Amino acid sequence: MSGMYTAPVSRSTTQIFSACTQYAAATLVAALRAGQFGPRSEHRRILVVSDTSPSPELGTPLHRRPGFEKLESEFDTVHSWNDFIRPFHPAGWSPREQDASLWERAVRRAWHLGDEPVEIACESIQANPSQALAVIFGDSPVHIYADGLMSYGPTRSKLDQLVGTRIRRLLHLDLVPGLRPLLLTEFGVESEIVPTDVFLKVLDELAGSADVPGPDGGPAPALLLGQYLSTLGILTPQQEEDLHARMLRGAVALGHTRVVFKPHPSAPAHWARSLEQEAERLGADLTVLDSPVLAETLFETMRPALVVGCFSTALLTAASFYGLPVARVGTGPLLERLAPYQNSNRIPLTIVDALLPDLEDTSAVTEWSLPSAEEVRGEPTGLVSAVGYAMQPQIQAALRPEAERYLTGHRDNLWRYFKRRRLTALGLPGAVPAQLAFIPRNATVRRIARKARTLKRAAAG
């Protein structure tokens, strides 16, 4: 549901925007240009950039990357959070509650804020540095913006009421038209779409500044997207290397002899060398991009014939925003392996698996088309709601009836997205075979089970 930004009625307000990636900064700039943070003349705007990678000192800071000059003009000042809190790491540091006022004074002095009102606009509020900023400016309203598929999932953990009640809205990209975010709905936070056309204009500007090859007159290449999932503990390094090889083999099997691989910026270099060897074996012309550019920049400049990935948000950007053919690979095993069930990657993984074609199913890839918004409001929305409830049943308690309806109507295809143990713990349909469904509701059986547990504990004691 779209809302209109209302500026504070008091004196001039400083708006502090936090961004950790170029994609996030582009989302913010699009929202600013669309007027979603009010007229620029009424606000002072500060961009706070952070590098939350494990070794930020080895990478290129956001504000020093090619194309940043296209973004920084929307802000009055740019500050590095890494520099400000050094030697602390921005992903792992937040001030103690009793020190928050001291840090607020330090920030105000360092950034020349005086005593003027402050508003915060940040990414994931459950993690730092967003949480740190929300703690430091404990009386300020907070706007959350989401630059990926995680916005469609539930809030990953229970938020402090003093933080949650300060959140005014959730701004997000319309990556899956027809699907509404679950994030922060427990606080009644309304979602607001960042206009796609404005966002694409920002990306077009970034593409003009990027040092990447454009079309050369030959056939358009297939583009493979690396995610570096092993750093998240989702895959082992060897499994992720094998996943990239599957992407390459699948693309070649579909007739794409020209292939571009965009590795994650933090991925080890030997992965690219291994993929080059596989390409040579397959007779494919492989190009590995080592410059830190957005995948969307490549969509604009290369117009790839196919975009392949695991469950990257860029797959939906390619399909929804650029109309490019896409395919997924490896999502099935990941759905089985991902733990715990409430892992926040589950919703992005579920969406990609449910909506996009399997790379290794040739007919599915060639015949696929993006579902309409009306189609998404049907079964995909029911699936996301059911998975979201199973992930966070306390936070999303209101979704239980919808989850029960979905599970009741899809008993033959539950186990790809749900764990029997999880359904059993929550007392949801599909937890046990239909012929035994009476057991959880049978008072005698429950009484015997309680007595058995009591006797077992007594014997153990």
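Use the structure listed above.
Since this is a predicted model, take the numbers as computed values, not measurements. (Residues numbered from 1 in each chain as written. Predicted model: local features only at pLDDT ≥ 70, side-chain atom pairs only at ≥ 80, totals over all residues. Heavy atoms only, no water.)

With respect to empty space enclosed by the protein
Link 1 in the chain: For the structure shown, the criterion picks out 2 cavities of 30 Å³ or more.
Link 2 in the chain: In this structure, the largest cavity spans a volume of roughly 50 Å³.
Link 3 in the chain: Taken together, Val-176, Leu-179, Thr-350, Ile-351, Ala-354, Leu-355, Val-376, Pro-380, Thr-381, Leu-383 and Val-384 make up the lining of the largest cavity.
Link 4 in the chain: When its residues are assigned to classes, the lining of the largest cavity shows 9 nonpolar, 2 polar and no charged.
Link 5 in the chain: Quantified by volume, the second largest cavity comes out at close to 30 Å³. (1 Å grid on protein atoms, 1.4 Å probe; cavity = no way out; pocket = protein on both sides within 12 Å on 5 of 7 lines; lining within 4 Å. Points joined across faces, edges and corners; volume = space filled by probe spheres on them. Nonpolar A, V, L, I, M, F, W, Y, C, P; charged D, E, K, R; others polar.)

Focus on the packing of helix α1 (residues 22-33) against helix α7 (residues 196-209)
Link 1 in the chain: Running from N to C, α1 and α7 cross one another at 130°; their axes reach a closest spacing of 8 Å. Judged by the inter-axis angle, α1 sits oblique to α7. For the element pair α1 and α7, the recorded crossing hand is right-handed. In contact with Gln-22, Tyr-23, Ala-26, Thr-27, Val-29, Ala-30 and Arg-33 of α1, α7 contributes Val-198, Phe-199, Val-202, Leu-203, Glu-205 and Leu-206. (Axes fitted to C-alpha atoms, helices over the stretch in contact; angles between N-to-C directions. Helix = DSSP H or I, 4+ residues; strand = E, 2+ residues; numbered from the N terminus. Parallel < 35°, antiparallel > 145°, perpendicular 65-115°, else oblique. Left-handed = near helix turned anticlockwise from the far one by under 90°. Contact = heavy atoms within 4.5 Å.)

Considerations on helix α8 (residues 237-253)
Link 1 in the chain: Along its 17 residues, α8 runs 24 Å from first to last C-alpha, staying within 8% of the 24 Å computed at 1.5 Å per residue.
Link 2 in the chain: One or two residues past the end of α8 sits Gly-255, with phi positive at roughly 100°. (Expected span 1.5 Å × (residues − 1).)

Things to note about the sheet that holds strand β3 (residues 77-80)
Link 1 in the chain: Read from one edge to the other, the open sheet built from 7 strands follows the order β3-β2-β1-β4-β5-β6-β7, with strand pairing classed as parallel. The open sheet has two edge strands with one neighbour each: β3 and β7 (190-194). Each adjacent strand pair in this sheet contributes to an overall mean axis angle of 25°, direction not counted.
Link 2 in the chain: Bridge analysis of strand β2 (residues 43-49) against β3 gives 4 bridges, and the strand direction is parallel. Within the sheet, the bridge partner assigned to Val-48 lies in β3 and is His-79.
Link 3 in the chain: Relative to strand β1 (residues 13-19), α1 is tilted by about 145°, and along the sheet it contacts β1, β2, β5 (142-146), β6 (167-173) and β7. (Pairing = 2+ DSSP bridges.)

Remarks on the packing of aromatic side chains
Link 1 in the chain: Inspection of the entire model under this criterion finds 13 aromatic pairs.
Link 2 in the chain: Relative to Phe-37, the ring of Phe-17 has its centre 5.0 Å away and its plane inclined at 85°; by these criteria the two rings are edge-to-face. Taken together, the residues span a long stretch of sequence, with Phe-17 in strand β1 and Phe-37 in the loop between α1 and β2 at a distance of 20 residues. One exposure class covers both Phe-17 and Phe-37, and it is buried. (Phe/Tyr/Trp six-rings, centres within 6.5 Å; stacked < 30°, edge-to-face > 60°. Buried < 20%, exposed > 50% of the residue type's maximum accessible area, 1.4 Å probe, protein only.)

Focus on the sheet that holds strand β8 (residues 222-225)
Link 1 in the chain: Spatially, the 5 strands line up as an open sheet ordered β10-β9-β8-β11-β12, and their pairing is parallel. Every other strand in the sheet has two partners, leaving β10 (285-288) and β12 (326-328) as the edge strands with one partner each. Across the sheet, the mean angle from the axis of one strand to that of its neighbour is 20°, orientation sign disregarded.
Link 2 in the chain: Pairing between β8 and strand β11 (residues 306-309): 3 bridges, direction parallel.

Focus: the environment of Leu-203
Link 1 in the chain: Along the chain, Leu-203 falls in helix α7.
Link 2 in the chain: Leu-203 sits in the buried class, given a relative accessible area of 2%.
Link 3 in the chain: As for Leu-203 and Lys-70, which are separated by 133 residues in sequence, their C-alpha atoms are 9.7 Å apart.
Link 4 in the chain: What Leu-203 contacts, discounting residues up to four positions off in sequence, is Ala-26, Leu-294, Glu-296 and Tyr-322.

Some points on the packing of helix α10 (residues 295-302) against helix α11 (residues 313-322)
Link 1 in the chain: Contact geometry for α10 and α11: axes closest at 10 Å, N-to-C directions at 40°. As judged from the angle between their axes, α10 and α11 are oblique. Relative to α11, α10 is oriented so that their crossing is right-handed. For the pair α10 and α11, contact is made by Ala-295, Glu-296, Phe-299 and Glu-300 and by Ala-314, Thr-317, Ala-318 and Tyr-322, respectively.

Focus: the pattern of salt bridges
Link 1 in the chain: According to the stated counting rule, one finds 16 salt bridges in the structure shown.
Link 2 in the chain: The residue Asp-76 makes a salt bridge to Arg-40 at a minimum N-O spacing of 3.4 Å. Of the two residues, Asp-76 sits in the loop between α2 (69-72) and β3 while Arg-40 sits in the loop between α1 and β2, which places them 36 residues apart along the sequence.
Link 3 in the chain: Residue Asp-76 is classed as partly exposed on the basis of its relative accessible area of 44%.
Link 4 in the chain: With a shortest N-O distance of 2.8 Å, Arg-416 and Asp-353 are connected by a salt bridge. (Salt bridge = Lys/Arg side-chain N within 4 Å of Asp/Glu carboxyl O.)

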